[in-house]
Amino acid sequence: MSSATADHHSHSPSLEEMREERRLEREKLRTSKFDLVSSLFTALILFIGTFVLMLFIVWLTSRMSFPPQAIKPIIENPAGRGENAEGFERDFEPPGAEEVEELMEPTLQDTIEAVTDAVSNVAATLDTMNTNATASTTGTGKGDSRPPGPEGEGEDIVPRFERWQLNFTAKALGDYAAQLDFYGIELGAIGGSIQGVDVANNLAGSPKSRRIVDTKSEKRLYFMWTSPSPLMQFDRQLLQKAGVQLANRQMMKFIPTNLENQLAHIELEYATAKGHPSVTEIAKTIFESTADGNSYKFEVVDQRYRKPRK
């Protein structure tokens with residue numbers, strides 16, 4: 001019995017042997033210097049690769065140009081009376097010359113002449129025949145209540161060419177020309193003895209001109225100068241630089257369709273914020289071009305509204 005027990009104890013591992021086995025196992029699991037250096041180089045390569053990839057994406061996006069998203073156009077259909085005489089009702093017979101004259105505001109010269117005639121002809125009298133005949137210069141109609149513009153039925157709104165005013169702020173010719181080129185606005189000249197309209201673009205560089213003989217094909221919105229402005233001289237210089245003759249001609253600005261649509265949205269957003277959500281309520285909108293970083297943008301600086309009809 002004692003011999004069997006002694007033989008069993010002689011084959012079982014001792015405590016020292018077990019510790020040595022554990023130590024060897026731990027040595028196998030310990031990270032070597034080779035593994036540390038390999039991991040460091042792997043992480044460095046991944047970092048450099050990611051950084052180069054990001055630089056490539058930045059370079060690629062800077063080379064690509066993304067066109068602006070198209071804005072849904074605001075379509076306006078203003079009513080106009082065409083060549084019909086101004087009046088207060090809608091009929092087929094225009095008023096006569098005398099009735100039209102009553103609707104027109106007299107000028108200062110007309111007022112002075114009327115006062116002079118009244119003073120110099122106090123004693124003069126004019127006898128008329130008391131008959132039922134209608135004067136040849138007087139019509140029986142009451143004119144057309146639609147506003148000025150191409151004849152047609154539409155909304156009771158002030159057309160854009162009468163409602164809008166575009167202001168530019170520029171101290172130098174180059175700054176002014178850069179704004180026009182940024183918006184895609186072209187300068188033009190019409191009238192005189194030249195048939196058609198001359199249009200100039202690339203104003204900030206070397207202005208180039210072309211002539212549009214068939215003016216009916218030109219559908220862009222345009223504006224003419226209604227009052228003197230220092231910028232008129234800039235327009236004149238740019239058109240002359242493009243070789244456009246200006247003798248006895250009117251200068252104008254042609255507004256591209258996309259800019260016209262942007263202005264319509266800017267105008268309506270401003271009016272809505274002021275409590276006038278319909279374009280039919282707007283009488284006048286004044287836009288001003290302002291610097292926006294390296295570009296420009298139009299802002300509404302003033303807006304007037306129509307009085308509600310009774």
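Residues numbered from 1 in each chain as written. Predicted model: local features only at pLDDT ≥ 70, side-chain atom pairs only at ≥ 80, totals over all residues. Heavy atoms only, no water.

(A) Broad picture of the sheet that holds strand β4 (residues 208–212). Taken in spatial order, the five strands line up as β4-β3-β2-β6-β5 in an open sheet, and their pairing is antiparallel. Edge positions in the sheet fall to β4 and β5 (221–224), since each of these pairs with one other strand and no more. Direction aside, neighbouring strands of the sheet carry axes that sit 30° apart on average. Where strand β3 (residues 197–201) meets β4, five bridges bridge the pair, whose relative direction is antiparallel. Bridging from a neighbouring strand, V199 pairs with R210 of β4. Running at roughly 85° to strand β6 (residues 250–255), helix α8 (residues 230–241) makes contact with β2 (186–190), β3 and β6 of the sheet. (Pairing = 2+ DSSP bridges. Helix = DSSP H or I, 4+ residues; strand = E, 2+ residues; numbered from the N terminus. Axes fitted to C-alpha atoms, helices over the stretch in contact; angles between N-to-C directions. Contact = heavy atoms within 4.5 Å.)

(B) Structural view of the UniProt feature "transmembrane region" (unreviewed entry) in the protein. Look at the UniProt record and you will see "transmembrane region" (unreviewed entry) annotated at residues 36–60. Helix makes up 100% of residues 36–60 and strand 0%, with an end-to-end C-alpha separation of 36 Å. (UniProt positions renumbered as here; feature names shortened; annotations may be inferred.)

(C) Region of the structure containing the pattern of salt bridges. Scanning all chains against the criterion turns up 14 salt bridges. Residue R163 is joined to E76 by a salt bridge in which the shortest nitrogen-to-oxygen separation is 2.9 Å. With R163 in helix α6 (residues 160–163) and E76 in the loop between α3 (33–63) and α4 (97–103), this residue pair connects regions lying 87 residues apart in the sequence. For the pair formed by R163 and E76, the shared burial category is buried. Ionic pairing is found between E186 and R220, a salt bridge with its closest N-O pair at 2.9 Å. Separated by 34 residues along the polypeptide, E186 in strand β2 and R220 in the loop between β4 and β5 bring together distant segments of the chain. As far as burial versus exposure is concerned, E186 and R220 are alike and both buried. Within this structure, E76, R160, R163, E260 and E267 form a network of salt bridges that share partners. (Salt bridge = Lys/Arg side-chain N within 4 Å of Asp/Glu carboxyl O. Buried < 20%, exposed > 50% of the residue type's maximum accessible area, 1.4 Å probe, protein only.)

(D) Expanded view of the sheet that holds strand β7 (residues 282–292). With mixed pairing, three strands are arranged side by side in an open sheet as β1-β7-β8. Across the chains shown, the open sheet's two edge strands, defined by having one partner strand only, are β1 (164–168) and β8 (295–305). Across this sheet, the average inter-strand angle for adjacent strands is 25°, counted without regard to direction. Strand contacts of helix α7 (residues 173–183): β1, β7 and β8, with the helix running at about 85° to β8, the strand carrying the most contacts. The strands touched by helix α9 (residues 257–273) within the sheet are β1, β7 and β8, with β8 carrying the most contacts at an inclination of about 50°.

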